[in-house]
Amino acid sequence: MYRTCTTKEAIVGMRYYLTDTDGTGGRIKARPEDFIVKEMSLYPPKKTDGHFVIAEVTSKNWETNRLIRLLSRTMRISREKIGFAGTKDKRAITTQTMSFDCPLENMSYVNLKDVEFSSIYTSNRGVKIGDLIGNRFDINVKRCAAGPDKIAPIISTISSEIAEIGGFPNYFGVQRFGVNRPITHLIGEFIIRGNLKKAVETYLSHHSDDEDTEVQVMRKKLAECDGNYMSVIDEMPKTMGFEKIIAEHLAKKPEDYVGAIAKMPSNLQMMFVHAYQSYLFNLMLSERMEHNIPLNDPIEGDTVLPLDENGCPMHENPILTTSKNIDLVKHQIYNRRACIAITVFGANSVFAEGEMGEVEKKIIEQQKITRDDFITTGLPHCTSKGSKREIICPIWNFESKINDEGYNVKFSLPKGNYATCLMREFMKSEMINY
């Protein structure tokens, strides 16, 4: 049986650890410099006088949606004309490839603090979500509970346990839901259930003790204003930019909750529903672990995804494990040419079969939802077809080093996977420390 998670991560479905060894404790992101991530990009081909400007954008302490909003404003283009491969953590130094559908000279308009452009060129193709192989991480862990003499043995033992399985449980990490205010999945659930008023009110006014005091006070005012958003708009801090957009819309068009959500950036609208789907996935993965169904050994009924030459799952080519092909499927998994996947539930989802299929169906039946709920009338960006996701995430090029403040780790992960889900195995800290 796997080690039970007793921290707040359990509320977003992350109920178990792979490893049973006590963690180092500690926290990451004490400073942005403690969490450095650089995309392993699939660069669009260079083309002289191409329609798109391509650049590596390095930013410090910028949330991706807010960065894009400010870039679009300063570059005088729609935010929809800015392409990027994936969202990144705020409290970090991140380097990611972006595309800008604008003249090259518009780059000179940008003068944002802690934002730098490099490797600028032009192409006939922009960057889109998923245009990367993976990410390289450089992470410092500080304020460890374990003494300096114990950290190295802990890292060594846990690394060996992970290597034996071939990776770590591929949960959607806490960033998906909000570290300080883990409610993104709740908003998504209200959307797919058609309770848009509750979705908007939750986004605006649900407060957390881990947020800044100024933001907590503002959320309480939003909860108590009885829909009179005009009375509080001018008091809203700059960090609540998207909340202000919604409040301004509702001040002009009371009870137009569809319009209020539609005012949000398209990728943020998608993020709400995706977060709820992520929560369901985490529950399914935890349930598989609770049933002691192997993570690295397929059983009949499992869905398996082939891996491409970069080690990334080919989601468009799922394979059902049967009594006839199970030996071949096992061989492919053991040789790192395929991986086991489970359902990210949506409008077009197909359950696994056998024991895992029963686990997936049980979670969905408990939630009392259907595929049709993920077709959202009036909010096309909130409609989601669903997909499959691998249940084990491999680690590439892992390194560790003990230092005076704790320890440093460097490693790479395939795209779409969370460094914090690896770090939780080593640290076993409270959710807020990630």
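See the structure above.
Within each chain, residues carry numbers counting from 1 in the order of the written sequence. Given that the model is predicted, a residue must reach a pLDDT of at least 70 before its local features are reported, and side-chain atom pairs must reach 80 or more before they are shown or counted; all residues, however, enter totals for whole chains, interfaces and linings. In computing side-chain values, all of the structure's heavy atoms are included and hydrogens and water are not.

Enquirer: It is not clear to me how the overall build of the chain should be interpreted in this structure. Could you clarify?
Expert: Broken down by element type, the chain carries 11 helices and 16 strands. Throughout, radius of gyration means the C-alpha value; the globule benchmark is 2.2 Å times the number of residues raised to the power 0.38. In terms of overall dimensions, the chain is globule-like: its C-alpha atoms have a radius of gyration of 22 Å, near the 22 Å expected for 434 residues. Oriented by its inertia axes, the alpha-carbon framework of the chain measures out at about 60 × 50 × 45 Å. Counting across all 434 residues of the chain, residues that qualify as buried make up 55%. Across the chain, contacts joining residues at least 24 apart in sequence account for 75% of those joining residues at least 6 apart. With the model as given, the accessible surface of the chain reaches about 19,800 Å², and the carbon-plus-sulfur share is 49%. His residues and chain termini do not enter the charge count, which takes Lys and Arg as positive and Asp and Glu as negative. To locate a charge, take NZ of a lysine, CZ of an arginine, CG of an aspartate or CD of a glutamate. Counting 56 positive and 57 negative side-chain charges, the chain places the centres of these two groups 4 Å from one another. Here a strand is any run of E in DSSP of at least two residues, a helix any run of H or I of at least four, and the numbering for each starts at the N terminus. When accessible area is computed with a 1.4 Å probe and restricted to protein chains, residues below 20% of their type maximum are described as buried, those above 50% as exposed, and intermediate ones as partly exposed. Note on contacts: a residue pair qualifies if any of its non-hydrogen atoms lie within 4.5 Å across the two residues. Computed with a 1.4 Å probe, the accessible areas rest on the Shrake-Rupley method; for each residue, only the protein chains presented here act as cover.

Enquirer: I keep staring at the pattern of salt bridges and nothing clicks. Help me out?
Expert: Any two side chains of opposite charge can pair, on the condition that their charged atoms come close. Whenever a carboxyl oxygen of Asp or Glu lies within 4 Å of a side-chain nitrogen of Lys or Arg, that contact is scored as a salt bridge. What the rule picks out here adds up to 23 salt bridges. Two residues, Arg136 and Glu399, come together in a salt bridge whose shortest N-O distance is 3.3 Å. A residue pair is termed long-range when its members are at least 10 positions apart, and Arg136 in strand 8 (residues 132-142) and Glu399 in strand 15 (residues 396-403) qualify at 263 residues. We classify Arg136 as partly exposed; its relative accessible area is 24%. Judged by relative accessible area, which is 45%, Glu399 ranks as partly exposed. Linking Arg181 and Glu211 is a salt bridge whose minimum nitrogen-to-oxygen distance equals 3.7 Å. Of this pair, Arg181 sits in the loop between strand 9 (168-169) and helix 3 (184-192) while Glu211 is found in the loop between helix 4 (196-205) and helix 5 (213-224), placing the two residues 30 residues apart along the sequence.

Enquirer: Sorry, what's going on with the sheet that holds strand 12 (residues 338-344) here?
Expert: Across the sheet, which stays open at both edges, the four strands sit in the order 11-10-12-13 with antiparallel pairing between neighbours. Lying at the two open borders of the sheet, with one neighbouring strand each, are strand 11 (319-320) and strand 13 (387-390). All axes here are fitted lines through C-alpha atoms, helices being fitted over the stretch that makes contact, and every angle between N-to-C directions spans 0 to 180 degrees. In the packing of helix 9 (residues 326-334) onto the sheet, the strands contacted are strand 10 (303-306) and strand 12, and the crossing angle to strand 12 comes to about 105 degrees. At least two DSSP bridges between two strands are needed for those strands to be called paired.

Enquirer: In this structure, what is going on with the packing of helix 3 against helix 8 (residues 266-290)? I would like to understand it.
Expert: Between two packed helices, both the angle of their axes relative to each other and the distance between the axes serve to describe the pair. The N-to-C vectors of helix 3 and helix 8 enclose an angle of 105 degrees; their axes lie 7 Å apart at closest approach. In terms of their interaxial angle, helix 3 and helix 8 are classed as roughly perpendicular. Residues Thr184, His185, Ile187, Gly188, Glu189, Ile191 and Ile192 of helix 3 form the contact with helix 8, whose own contacting residues are Met271, Phe272, Val273, Ala275, Tyr276 and Tyr279. Following the grouping adopted for this structure description, the nonpolar residues are Ala, Val, Leu, Ile, Met, Phe, Trp, Tyr, Cys and Pro, the charged ones are Asp, Glu, Lys and Arg, and the polar ones are all others, Gly among them. Across the contact of helix 3 with helix 8, the residue classes tally to nine nonpolar, three polar and one charged. Here the word oblique covers every angle except those under 35 degrees (roughly parallel), over 145 (roughly antiparallel) and from 65 to 115 (roughly perpendicular).

Enquirer: Honestly, the side chain of Thr97 in this entry has me stumped. Any pointers?
Expert: In this fold, Thr97 is placed in strand 6 (residues 93-100). By relative accessible area, Thr97 is classed as buried at 4%. Throughout this description, a polar contact denotes any pair of N or O atoms lying within 3.5 Å of each other; where both atoms belong to protein, one of them has to be capable of donating a hydrogen while the other can accept it, and for residues adjacent in sequence the pair is counted only when both atoms sit in side chains. Of note is the side chain of Thr97, whose polar atom sits 2.7 Å from the side chain of Ser41. Ignoring sequence-local partners within four residues, the contact set of Thr97 consists of Glu39, Ser41, Tyr43, Ile54, Ala55, Glu56, Gly83, Phe84, Ala85 and Val127.

Enquirer: Honestly, the nonpolar core in this entry has me stumped. Any pointers?
Expert: Counting residues in each nonpolar core, the largest one holds 100 residues, and the members touching the most others are Ile139, Ile191, Leu280, Phe374, Tyr407, Phe411 and Met423. Examining the composition of this core, we find that 12 residues originate from one element, helix 8, more than from any other. When residues no more than four places from it in sequence are discounted, the contact partners of Phe374 are Ile192, Val273, Tyr276, Gln277, Leu280, Phe345, Gly346, Ala347, Ile369, Cys382, Thr383 and Ser384. With 19 residues, the next largest nonpolar core counts Val53, Ile68, Met98 and Val110 among its residues. Residues belong to a common nonpolar core when they are buried Ala, Val, Leu, Ile, Met, Phe, Trp, Tyr or Cys residues joined through side-chain atoms within 4.5 Å.

Enquirer: Would you take a moment to explain the pairing of strand 12 for this structure?
Expert: Working note: regular strand, side chains alternate between the two faces of the sheet. Most of strand 12 is tucked away, with seven of its seven residues classed as buried. For strand 10 and strand 12, the ladder comprises four bridges, and the chain directions are antiparallel. Within the sheet, the bridge partner assigned to Thr303 lies in strand 12 and is Ala341. Of the strand pairs in this sheet, strand 12 and strand 13 are connected by four bridges, and their pairing is antiparallel. Bridge pairing in strand 13 links Thr343 to Lys388.

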